[in-house]
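Notes for the structure review
What follows is the residue order along each chain.
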Amino acid sequence: MASVRVAVRVRPLSQREKDLSAKVIIQVDGQITSVLSTKENFSCMNGELSGERVKSFSYDFSYDSMNSTSLNFVTQEKIFKDLGTDVLQAAFEGYNACVFAYGQTGSGKTYTMMGNPGDYGLIPRICEGLFHHIGGVLQKDKASFHMEVSYFEIYNERVRDLLPSTETQGCELRVREHPKDGPYVDALSRHQVQSYTEVGQLMQEGNKRRATANTGMNNVSSRSHAIFTIRFIKAMFDGELPSETVSKVHLVDLAGSERADATQTTGIRLKEGANINRSLVTLGIVISTLADLSVSGGIKRKQSFVPYRDSVLTWLLKDSLGGNSKTIMIATISPADVNYSETLNTLRYASRAKNILNKPTVNEDSNVKIIRELQAEIARLKALLSAGNQMPSFEQPSGSSVEERLHQDEARVQELTKQWASRWKEIQTILGEDAVALRKEGIGVVLDSQIPYLIRIDEDLLSTGVVLYHLKEGITSVGAGGTKPEQDIVLHGEALQREHCVFENQRGAVTLVPLPGARCAVSGMEVTQPYLLSQGVNIQLGKATMFHFNHPQEAAQLREKRKSGLFVPSNSAAFSVETFSDFRLWMPFLQKHKNRNPVGFDALIKHS
Ligand SMILES: Nc1ncnc2c1ncn2[C@@H]1O[C@H](COP(=O)(O)OP(=O)(O)OP(=O)(O)O)[C@@H](O)[C@H]1O
């Protein structure tokens, strides 16, 4: 059992509060957050709040982020060190984890969870920390990792994918329940990620899609609950024994609770506000019920019904609240007297949440679990044999000896371990090392990559392979080869020099640099000087070696511009420029031969 850990964070006075000449009524001292009642005249002696009108609450952490010049000022970094590192540890140990930010609108939830460029919040820091730790563990142990992220929002009680595939774009997704794994969002896209840069791009993409609006309380107020989920798998051999743990980390930025009069909302905003408040009220009831249950030591369990299903939010967070998860709540508050009642509500809410007891357990892969159980059984049988007991035990099928049973178990363990190891090897080689994701879309196979890349356009009619070259950060050298060190991409074709050109990728800006005397052309125009490439151009090297250049990030930006009407394609070719960044292989035969391996073509995926 583990209690939900609770932290409270006070933000600085906002401009609006300063304009209202608002007074600071919050004081933080160690783990205690105190609020001074505005109901009566209060006095503040020597900067200390005191007297009956002060209400004090104790939490696991109380963070004062009111004044950056104060000695007690708590930075984003400190919050990550206190709370984020626990999440990293949970993920590496195979526990589910959840961090959710709760508080009045404009109190600093998004700032704490996401932060601003250069002053990142928990979500980016946790993702960065995961990759940092992976690097460390890879050097120490021979472990393999697989990481996927998904990002969705609950807006007006509807679930929307914030990183949709073409199939889920604009669709309302349904929540279903798995008999073992619990509630989940059906058809939600999951994106395999290889680096922090990739996660950062996905986060940015999702944040842009999130429903926000300018309200009376916050210029960029989140009108939805956003859930960023990381699925993290760690696999390794622990001696002879395989070990595989799966952890799900939910990072939740809730929409703010609000009063219609304070936010001056009407129309759509009012409807959004009503839905937001409704789900937060349900969250409050769930928290209260669970807290009561824990305090009563489960005595009330029979009478108490936890209304998880009353809102999509609580239904999807079922495991995080009272279930299999290590959970942290961050309550954000304003320091100003004008927000007294909302602040007091938040502090009470947070105080109740401290009493919730969760039951986190390590999530082990089911096959690995079977292998472990069989190993234990083998040890038991071996002990029986060495004790000279050859009698069939009552557990054995009649007639089979301990020896026979031992051999069967050993063979099964060997087979399962082989299957498990080869599945991991396959994942690593197909998806892991190449930073490429293959997925089926209708009768086609879509090859997604977040890194800029070249696709070889082969003129040879008999060539059936597809070659993709990643243009990693830094320099990729290209030429006919035979050099020392060897070129990153070795090509065979007419008029290609041994060292022909380089592609320089500097933070996503890719430049083609022709080497002296080399024949290079971009979109049919000869290039002799460094040339900055843009999404969708065709590149010719030598006499007839052709490539198509794709820049997935730039294409995503162009798609956004097209949506907002800023990007008007001047001709049909320009239109194809931003749609070609997923490389699609249309394979009509797949429909006829459904059982064939969907990636059973001789795709040559080469990364530089
Ligand atoms: N600790 C902090 N330090 C500095 N600025 C902060 C802090 N917390 C919040 N802010 C600023 O206050 C404003 C409101 O914060 P934010 O958008 O995070 O609130 P919110 O609780 O997510 O609001 P909503 O529920 O309306 O989405 C933002 O401009 C943000 O940059």
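Here the structure is a predicted model, which means the values were calculated and not measured. (Residues numbered from 1 in each chain as written. Predicted model: local features only at pLDDT ≥ 70, side-chain atom pairs only at ≥ 80, totals over all residues. Heavy atoms only, no water.)

Section: the packing of aromatic side chains
- All told, the structure shown has eight aromatic pairs when counted by the stated rule.
- Here Phe61 and Tyr63 contribute two aromatic rings whose centre-to-centre distance is 5.6 Å and whose plane-to-plane angle is 10°, an arrangement assigned as stacked. In this pair, the class of Phe61 matches that of Tyr63, namely buried.
- With 5.1 Å between their ring centres and 75° between their planes, Tyr151 and Phe228 make a pair best called edge-to-face. Residue Tyr151 is found in strand S12 (residues 144-155), and its partner Phe228 is found in strand S19 (residues 225-238); the two are separated by 77 residues along the sequence. With respect to burial, Tyr151 and Phe228 carry one shared label: buried.
- Put simply, the rings of Phe92, Phe145 and Phe232 pair up and form one aromatic cluster.
- Residue placement shows Lys318 over the ring face of Tyr308; its charged tip is 5.9 Å from the ring centre. (Phe/Tyr/Trp six-rings, centres within 6.5 Å; stacked < 30°, edge-to-face > 60°. Buried < 20%, exposed > 50% of the residue type's maximum accessible area, 1.4 Å probe, protein only. Helix = DSSP H or I, 4+ residues; strand = E, 2+ residues; numbered from the N terminus. Lys NZ or Arg CZ within 6 Å of the ring centre and 35° of its normal.)

Focus on the side chain of Arg9
- Within the fold, Arg9 resides in strand S2 (residues 5-10).
- Put simply, Arg9 is tucked away with no salt bridge, and the nearest opposite charge, on Asp119, sits 6.8 Å away.
- Among the polar contacts made by the side chain of Arg9, one reaches the side chain of Gln76 at a distance of 2.9 Å.
- A polar side-chain atom of Arg9 sits 3.0 Å from a polar atom in the side chain of Thr112.
- Residues within four places of Arg9 in sequence aside, it is in contact with Tyr63, Ser65, Val74, Thr75, Gln76, Ile79, Tyr111, Thr112, Ala331, Thr332 and Ile333. (Lys, Arg positive; Asp, Glu negative; His and termini not counted. Salt bridge = Lys/Arg side-chain N within 4 Å of Asp/Glu carboxyl O. Polar contact = N/O pair within 3.5 Å; in protein donor to acceptor, adjacent residues only side chain to side chain. Contact = heavy atoms within 4.5 Å.)

Quick notes on the nonpolar core
- Ranked by size, the top nonpolar core spans 49 residues in total, and within it Phe100, Leu283, Leu321 and Met329 carry the most contacts.
- Ignoring anything within four residues of it in the chain, the contact list for Met329 reads Val4, Arg5, Val6, Ala7, Phe100, Tyr102, Tyr349, Ala350 and Ala353.
- Counting 46 residues, the second-largest nonpolar core is a separate cluster that includes Val74, Val99, Val137 and Phe232. (Core = buried A, V, L, I, M, F, W, Y, C linked by side-chain atoms within 4.5 Å.)

As for the pattern of salt bridges
- Throughout the structure, instances matching the rule amount to 23 salt bridges.
- Between Glu17 and Arg11 there is a salt bridge, and its shortest N-O distance comes to 2.9 Å. The same class applies to Glu17 and to Arg11, which are both buried.
- The residue Lys382 makes a salt bridge to Glu410 at a minimum N-O spacing of 3.5 Å. Highlighted residues: Lys382 in helix H10 (residues 366-386) and Glu410 in helix H11 (residues 402-432), separated in sequence by 28 residues.
- With relative accessibility at 44%, the residue Lys382 sits in the partly exposed group.
- Sharing partners across several salt bridges, the network here consists of Glu377, Arg380, Arg405 and Asp409.

A word on the sheet that holds strand S3 (residues 26-29)
- The antiparallel open sheet is built from three strands, whose spatial order is S3-S4-S7. Each edge of the open sheet is held by one strand with a lone partner, namely S3 and strand S7 (54-58). Each neighbouring strand pair of the sheet contributes to a mean axis angle of 20°, computed without reference to strand direction.
- Where S3 and strand S4 (residues 32-36) come together, four bridges link them in antiparallel fashion. (Pairing = 2+ DSSP bridges. Axes fitted to C-alpha atoms, helices over the stretch in contact; angles between N-to-C directions.)

A short note on helix H5 (residues 196-209)
- Across its 14 residues, H5 extends 20 Å between first and last C-alpha, which sits within 8% of the 20 Å expected from 1.5 Å per residue.
- For H5, the full list of buried residues reads Glu198, Val199, Gln201, Leu202, Met203 and Gly206. (Expected span 1.5 Å × (residues − 1).)

Notes on the sheet that holds strand S33 (residues 531-532)
- Spatially, the five strands line up as an open sheet ordered S28-S27-S29-S30-S33, and their pairing is mixed. Two strands close off the open sheet at either side, each with one partner strand: strand S28 (489-490) and S33.
- In the sheet, strand S30 (residues 509-514) pairs with S33 via two bridges, with the strands oriented antiparallel. Each bridged residue has a counterpart across the sheet, and for Thr511 the counterpart in S33 is Leu532.

Some points on helix H2 (residues 76-93)
- With 18 residues, H2 should cover 26 Å at 1.5 Å per step; its first-to-last C-alpha distance of 25 Å lies within 8% of that length.
- The sharpest bend along H2 comes to roughly 40°, located at Leu83.
- After H2 finishes, the residue Gly94 shows a positive phi value of roughly 95°. (Bend = angle between axes of the 7 residues up to and from the residue.)

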